[in-house]
Each structure stands twice: as C-alpha cells, then as structure tokens.
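Each chain, letter by letter, is given below.
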Amino acid sequence: MISDFFVLSPRGDTIIAKQYRTKDDVGAHERSHTEAFFRKVRFWDGVAAPGIPDTSGLAIDDASPSTVSAAAVDGAGAEDSTERKGDAPPVFIMPDGLSYVHVKRNGLIFGCSTARNVSPCTVIELLSRIAKVFKDYCGTLSEEAIRKNFILLYELLDEMIDYGYPQVTRTENLKSFIYNEPIVVSPVANTGSMVNPKTVSASAVHKPVISSVTEKGRKTNLSANQKNEIFVDILERLNVLFSNNGYVLNSTIDGCIQMKSYLAGNPALRLALNEDLVVGRQNSPGGGYGSVILDDINFHDCVNLSEFEYAKTLQFLPPEGEFALLNYRTTGEFTPPFRMYPSIEETGPKMIELSLLVRAEMPDKHFGANVSIEVPLPRCTSSASCTLITSPKAAGVSAEYISQDRKVVWSFKKLPGGSEQTLRVKVTLNQACTSHIRREVGPINMDFEIPMYNVSGLQVKYLRIAEDMPGYTPYRWVRYVTQSNSYVCRL
C-alpha cells in the first residue's frame, strides 16, 4: 500500500522515517525524497504532476493513471500554473514517480509515498489515525514530544503498519502490544489558554493514555494519580461566503463533539443533547423555527442510539484516548459571528482607497481570539498605508502591508462582540487603475476562534454516569469553540 512513512518538522527536518518497500532502481532514497517533498510543499508551484500543466484542477500521470491530484480545489483557472501560490494539495506526484500523500497536524507534516494504485482517502485516513494515536500515547502532539518518545512511536508504527498495510489503528487495541512508556513533555501553548480557567483544565487533557515517566525519569502511575475526569469539546468550523454588500451567499457548519475520558473503571456514560434537535431539514415541523436543525449526523460506533429518537440521549462506553463522539453538518441560514462590508473607490488615476467595516454580531459577552483578516491587493501596487478606527475594548490591533505578498494583514488578539472595526487602506499603483486591476483586489479572508460560543445552538444538556455508583464523582469539563474554516468576502 505505502512505501515510506515520515514525519517532518515545520523546518523540514525528518523526525520519524520508516521504509516499508524499496524500488529496485532506487538506492539511498530515504532522506533525499523527504527533502524534495518538503521543498515542493513549502514552495508550491501549482504543478501536481511533472510534465503536465495543472490547468483543470485534476492532474493524472500517464505512468500512474490511478494517482489523483487535488491541486486546484479552489477552482482558480491557471493562466500560468507555475506562478500560482497557495497550499499544496494533500496528494501529488513527484519526479521520482511516486505519489505523495500528507496531512498537517499541529505544524507537523505526516506524510507517506506510494507507487501502488491506492485510494487517497484511505491513505489520508491512515495518516490521521497515526497522528491521533501518537497524540493519545504521548499526551501532546509536538516536535519535542515526538523526539523524546521516538522509541515508543517506532514501536507503535511496527504494530500499526506491516509491510505498508495498516493492521491495528485503535488506541485501546494497541495497549496490549506496547511496552515502552511515554516521556511527558509540556503541551504547546494555543488559543485555548484564553478560555476561562473555570471552564476548562488546560493541562490535564494532555495526559497520555498509559503510565508514563517524567523528563527526570520518575515514573507516574496513571491509575494512582489520575482524577476521574472527562473532557468534552463542541467544535464548529464555519464556511461562509459573503457578497460585497454583506449578504450571505453560502454558509455551512461542520461540527463535532470530541471527548477524552480519564474515568477509572471506564463506566458507561449518558449524554443528552437539545430536546428540540431535528435531524434532516425535511423532518422539521413548521419550517423548524426555534429548533436546532442538523442536515446530517453520524455517530461513533460505540454509541447506543436506542434513546436518541425520542429523548435525544446517547449511551456509550468511551474508548481509550481522544475520539469524535459524533460529527454533524448544517447548511442554510444562521447568524454569522462576523460580517464584512468592503468598498473600493478610485481617488486618483493611480490611487484607490479600500474601506473595510467588520461588525461582530455575536453577544458582547463573547469575543473573537487571534483574529486575522487578509486583503489581497493588485500586483501593480507600489505602496499602501493603513488607518484604523477601532473600539476601545479591542486588544492587540495592528494592520500592515506586506509588500512581498501584495496583501494587507489586519489582526486582533481580542475582538469583542457587539463592536464595529474599520480599516482604510490607501493604495498607490504604478500604473493607471483599470477594471482588470480592480478585480485583483480580494477576496477578503478572515480567520478567527471564538471560545465558549457556537453558532448552531447545539448544546450538551448533561453528561452522567449511566449507572448509580456511590462515591463516584467525576469532573466534567465542557468547552465550546467556534473556528473559521473558509470565511470569505467577495469584492
């Protein structure tokens, strides 16, 4: 199935590498192919197959007719594919004739190569499972954790993949085969630290699923030091497309409920969702006004759905490690947390002025964390100056023009709800402004994270032990997080 597996750091260093198959005409290949792969990913040129211009979004090599590339998912036409910039697709062909598949997790690149006719979706799922198992056994997924636990991780790889074919990929099934203990390292700081400490415990969720040792070599017995804790994250990723007057053209929510259990004895649990939850828009009475409507939903195979239809209650026996209890998707009308209102005006033969109003339409008790707004400018831009009009409660506000990428980056560390922020950009061009140059402005892209807020209205009403256990008092940590996946405004 796969020939090589490797994990690369954000700098391109090979942290983990394992070869399962060799080609007769290829000698010392392990380090050179990862270096060439990283250069291709880091400086993506838009060519997904050597010798074939990527003009249609799908490039197929004649020598490997089954290898598929997703080079132009965004649908942009390729007037000159070698000049296009952007993220590399998850699947592409290299000049060595191998197909490379990769996923990114916490800044690390989990990748593999194959010369066989394999399903890209299957390989991507395998890489995602490997990253999940690494996180479960190390506690946190970072470069430092992988370097200090490489013996454990190689042992996991030996059990998970045999001769390039996946064997055992479940965390709980691997425990009986693993004898090395993880070395616990401090987790990487993230935006989750901005959440109210009374709502979520930041460090406890990074414990490994087996007994571990500290960096000084002291053993920590998991069962002796473990609190009865369970962590629940309701994560929602928004895909919203706005017109230039602020109307929503397309909107979807991709959500999931992720859990990680540290309960002694692994008891069965009951989790209740909204009583007015409706699955399937066609099943909503009266148009579904006031109800939480999900277009579709799928559950983990540990869930018992006998009470879901009438009580919206899930019964399940949580598996080891982190897992997605359910995934859901909803489309249609919902109130986006932010709206963007852009406008462009020609102030001179070689001058344009761009104005962007951002309105936070969520309640004022919530805020957007690490907000970043990117505004692409024409290629003929010679200079640009930014002016900000912000509310007093906004924190860490900055705007700068990056001449190398021809774009303006407007960022907030904290953008409070119920406020309005305005950016004005005066752009000087090195040639007269035309309609073609005006079309080069935008689209505007927005990235953000909103802690303790969700858009769909899906809520966890309660989480309980299924059976009465006297003296058993678990700690339940529930967190809501809304993130942008594709939040774009046209001009």
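Above this text is the structure in question.
The structure displayed is predicted, hence computed values, not measured ones. (Residues numbered from 1 in each chain as written. Predicted model: local features only at pLDDT ≥ 70, side-chain atom pairs only at ≥ 80, totals over all residues. Heavy atoms only, no water.)

(A) Layout of the sheet that holds strand β26 (residues 444–451). Read across the sheet, 9 strands follow the order β15-β18-β11-β10-β28-β26-β21-β24-β23 without closing on themselves; strand pairing throughout is mixed. Among the strands making up the open sheet, the edge pair consists of β15 (296–299) and β23 (398–402). Neighbour to neighbour, the strand axes of the sheet diverge by 10° on average, direction disregarded. As judged from the 5 bridges shared by β23 and strand β24 (residues 407–416), these two strands associate in the antiparallel manner. Counted as the bridge partner of S398 is S411 from β24. In the packing of helix α2 (residues 120–138) onto the sheet, contacts are made with β11 (248–262) and β18 (322–331), and the angle to β18 comes to roughly 135°. (Pairing = 2+ DSSP bridges. Helix = DSSP H or I, 4+ residues; strand = E, 2+ residues; numbered from the N terminus. Axes fitted to C-alpha atoms, helices over the stretch in contact; angles between N-to-C directions. Contact = heavy atoms within 4.5 Å.)

(B) Inspection of the pairing of β24 at higher detail. With 7 of 10 residues buried, β24 lies mostly within the body of the structure. As paired strands, strand β21 (residues 367–376) and β24 are joined by 9 bridges and run antiparallel to one another. When the sheet's bridge partners are listed, E374 is paired in β24 with V409. Taken together, β23 and the strand that follows it, β24, pair antiparallel across an intervening segment of 4 residues, in which R406 is found at a positive phi of about 55°. (Buried < 20%, exposed > 50% of the residue type's maximum accessible area, 1.4 Å probe, protein only.)

(C) The sheet that holds strand β2 (residues 14–19), seen in detail. Ordered in space as β2-β1-β5-β4-β3, the 5 strands form an open sheet in which the pairing is antiparallel. Looking at strand neighbours, the two that pair on one side only are β2 and β3 (91–93), the edges of this open sheet. When strand polarity is set aside, the average angle formed by the axes of neighbouring strands in this sheet is 20°. Pairing of strand β4 (residues 99–105) with strand β5 (residues 108–114) involves 7 bridges; the strand directions are antiparallel. Within β5, the position partnered with H102 by the bridge is G111. Along the sheet, α2 contacts β1 (4–8), β3, β4 and β5; its crossing angle with β4, the most-contacted strand, is approximately 40°. Seen against the sheet, helix α4 (residues 150–160) touches β1 and β2 and runs at an angle of roughly 30° to β2.

(D) Empty space enclosed by the protein, seen in detail. For the structure shown, the criterion picks out 2 cavities of 30 Å³ or more. A volume near 30 Å³ is recorded for the second largest cavity. For the second largest cavity, the full set of lining residues is I230, L263, L269, L463, R464, I465, P474 and R476. In terms of residue count, the dominant contributor to the lining of the second largest cavity is strand β27 (residues 462–465) (3 residues). The residue makeup of the lining of the second largest cavity, split by class, is 6 nonpolar, no polar and 2 charged. (1 Å grid on protein atoms, 1.4 Å probe; cavity = no way out; pocket = protein on both sides within 12 Å on 5 of 7 lines; lining within 4 Å. Points joined across faces, edges and corners; volume = space filled by probe spheres on them. Nonpolar A, V, L, I, M, F, W, Y, C, P; charged D, E, K, R; others polar.)

(E) Expanded view of the pattern of salt bridges. Following the criterion strictly, the structure yields 18 salt bridges and no others. In this structure, the salt-bridge partner of D13 is R11, at a minimum N-O distance of 3.0 Å. D13 sits in the partly exposed class, given a relative accessible area of 33%. For the salt bridge of R438 with E346, the shortest nitrogen-to-oxygen distance reads 3.5 Å. You can see R438 sitting in helix α8 (residues 435–438) and its partner E346 sitting in strand β19 (residues 338–348), a full 92 residues away along the chain. (Salt bridge = Lys/Arg side-chain N within 4 Å of Asp/Glu carboxyl O.)

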